[in-house]
Amino acid sequence: MSEKQRLVVVSNRVGPLSDEGKAGGLAVGLADALRRRGGLWFGWSGETTKDGTAGEASRETVGEVELVTIDMTEEELAGFYLGYANRALWPLLHYRLDLVHFDREADRVYRAVNARVAERLKQFLRDDDIVWVHDYHFFYLGNELRKQGFTGRLGFFLHIPFSPPEMFAALPGANDMVRAMLAYDLVGFQTATDRRNFANYAKHELDGQKQPDDRIRVGNRTITAKVFPIGIDAEGFAEFARSGEAEEHAAMLRSNVGRSLPIVGVDRLDYSKGIIERLLGFERLLEQYPDRVGGVQFLQVAPLSRSEVEEYVDLRGEFEGLVGRINGRFATLDWTPVHIMTTGLTRRALAGIYRAARVCMVTPLRDGMNLVAKEFVAAQDEADPGVLVLSRFAGARAELGEALIVNPYATDHVANAIERALRMSLEERQRRWRAMRDKVFANTAADWCRAFLDALEAAEPDGGVEALLP
Ligand code: G6P
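What counts and what doesn't
Residues numbered from 1 in each chain as written. Predicted model: local features only at pLDDT ≥ 70, side-chain atom pairs only at ≥ 80, totals over all residues. Heavy atoms only, no water. Core = buried A, V, L, I, M, F, W, Y, C linked by side-chain atoms within 4.5 Å. Buried < 20%, exposed > 50% of the residue type's maximum accessible area, 1.4 Å probe, protein only. Helix = DSSP H or I, 4+ residues; strand = E, 2+ residues; numbered from the N terminus. Domains from an automatic or database assignment. Contact = heavy atoms within 4.5 Å. Expected span 1.5 Å × (residues − 1). Bend = angle between axes of the 7 residues up to and from the residue. Pairing = 2+ DSSP bridges. Axes fitted to C-alpha atoms, helices over the stretch in contact; angles between N-to-C directions. Near = heavy atom within 4 Å. Polar contact = N/O pair within 3.5 Å; in protein donor to acceptor, adjacent residues only side chain to side chain. Areas by Shrake-Rupley, 256 points an atom, 1.4 Å probe, with all protein chains shown as cover. Nonpolar A, V, L, I, M, F, W, Y, C, P; charged D, E, K, R; others polar.

**Here's the deal with the nonpolar core**
- By size, the foremost hydrophobic cluster in this structure holds 101 residues, and its most contacted members are Phe139 and Phe168.
- The element contributing the most residues to this core is helix 2 (residues 74–93), with 11 residues.
- Lining this core are residues from two domains, each supplying at least three of them: domain 1 (7–231 + 446–458) and domain 2 (234–443).
- Among residues more than four places away in sequence, those in contact with Phe139 are Leu89, Leu93, Tyr110, Asn114, Phe156, Leu158, Met177, Ala180, Met181 and Tyr184.
- Membership of the second largest hydrophobic core comes to 63 residues, among which are Met369, Ala403, Val440 and Cys449.

**A few points about helix 2**
- Its 20 residues give helix 2 an end-to-end C-alpha distance of only 25 Å, which falls more than 12% under 28 Å, the value for a rise of 1.5 Å per residue.
- Considering bend angle alone, the principal kink of helix 2 is centred on Ala85 and spans about 40 degrees.
- Most of helix 2 is tucked away: 17 of the 20 residues are buried.
- Tyr95 occupies a position one or two residues after helix 2 and carries a positive phi of about 65 degrees.

**Comments concerning the sheet that holds strand 12 (residues 296–301)**
- Reading across the sheet, the 6 strands line up as 13-12-11-14-15-16 and stay open at both edges, with parallel pairing between neighbours. Each of the sheet's edge strands pairs with one partner strand only, and the pair in question is strand 13 (338–341) and strand 16 (404–406). The sheet shows a mean angle of 20 degrees between the axes of neighbouring strands, direction not considered.
- Relative to strand 14 (residues 359–362), strand 11 (residues 261–266) runs parallel, the two being bridged by 2 bridges. In the sheet register, Ile263 faces strand 14, and the bridge partner there is Val359.

**So, unusual backbone geometry**
- Backbone geometry at Asp135 places phi at a positive 75 degrees, although glycine is not the residue there.
- Following the sequence through the fold, Asp135 ends up in the loop between strand 5 (130–134) and helix 4 (141–147).
- If you check the backbone angles, Asp213 has positive phi at about 55 degrees while not being a glycine.
- According to the relative accessible area criterion, Asp213 is exposed, its value standing at 66%.

**A closer look at the site of the ligand**
- In the neighbourhood of the ligand, 11 residues make up the surrounding shell, with Arg13, Tyr81, Asp135, His137 and Arg306 lying closest.
- Note that an oxygen atom of the ligand is positioned 2.7 Å from one of the side-chain N or O atoms of Arg13.
- Here Asp135 contributes a side-chain N or O atom positioned 2.5 Å from an oxygen atom of the ligand.
- When the ligand is considered free in solution it has 380 Å² of accessible area, and contact with the protein chains removes 83% of it.
- Taken together, the residues of the shell around the ligand sort by class into 5 nonpolar, 2 polar and 4 charged.

**Points about helix 15 (residues 426–442)**
- Compared with the 24 Å implied by 1.5 Å per residue over 17 residues, the 24 Å span of helix 15 between its first and last C-alpha is a close match.
- Three or more residues of helix 15 are buried, namely Glu428, Arg429, Gln430, Arg432, Trp433, Met436 and Val440.
- Elements in contact with the buried residues of helix 15: helix 8 (234–241), helix 13 (371–379), strand 15 (387–391), strand 16 and helix 14 (411–423).

This is the structure in structure tokens:
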């Protein structure tokens, strides 16, 4: 990709570009990529105003990166973000049809926000920019940009899973959404399963044809759909784990657990993360292995997320109730089995906690990648590495097969895996960890970014760049 061409990244959440923040997966991966290459990052300010349409975009330059953000109106926040993105698309794409809410008005607002964002973004675009759109908030954005006359390269990356076609088909307007995705020249997925689900949808529902070189043809339009597993800045995170702030937090954790072995989980409080199932597994451990009572402590860091959404309010109640039950059942005067925190921690503090942990539980019911798994690996000390217990349903499972792989729904299986992790010899811990470390360091955020942009350059679009969906 020519160095002259500017990279324009679009995502709902923008920043922080510094490494001090408490940001999650997507923002961290993108910040790494943008800091390296420079460019423009466009998205939501996180604020609502009475009149988001007329509001000025705010601009800020950090190093080589220009951040441009716009506000949303209350109606947009309710329909686009809380309603459609987080109550329809998020559960649908995480295989949770039972939690999906399809709402015609939210669908309308979602499409309108995609159109409005395209219109606002277009004012900042040059003809030869490379535009890279991120995640499920913006499936229609590429199509809208084409309608506005943008002819440059357009790429899209989905950070979360893509559900199987039979499930995706439950979305009213599913065909529109996939047709709109065909406006992108390159569509990227975390895993081969996600890509296959998308390709099969296009094949079965839109009469698409699979072509060589990861290409898919629908009507007279051919696009590339490819797998790009996202990585982390492994070197940077390993350095965080050796920082003073990390050491302080590691020491706090150790003194807090006393003679117990620390087990940790770190996730946004989200039903896709399998936090409830993990706690049930921990409770089963205490039932099945009474020697562990008093000898382990489970720390769950669970920053609150999407707190206005009903399913998240319910989850919080269930989470706190279950923690109360386990503590009530097993606590003694000098020992509490489960410790929870819902405030966020800095990335350095987290790195310290990972380093001090004996076991890290990454047990989502479904997850696009899960960067906690990779960060935990990067943070370990070779002399005494902890054990990763990883769900078979996390995207990271495709790369980190040396973790202890579990089915998060099988409570006994989870309990036995924790017990096995606690008993694991130093030699076995080191052997598994080294294998995972090599992979985490071999596919970093920078590699991911480079691979995607190279493929975007190579993805010669066929069938014109006009919008496919009116
Ligand atoms: C996931 C999504 C991101 C999202 C993040 C935090 O990682 O892939 O797009 O930004 O969760 O969720 P939130 O709703 O707070 O942006």
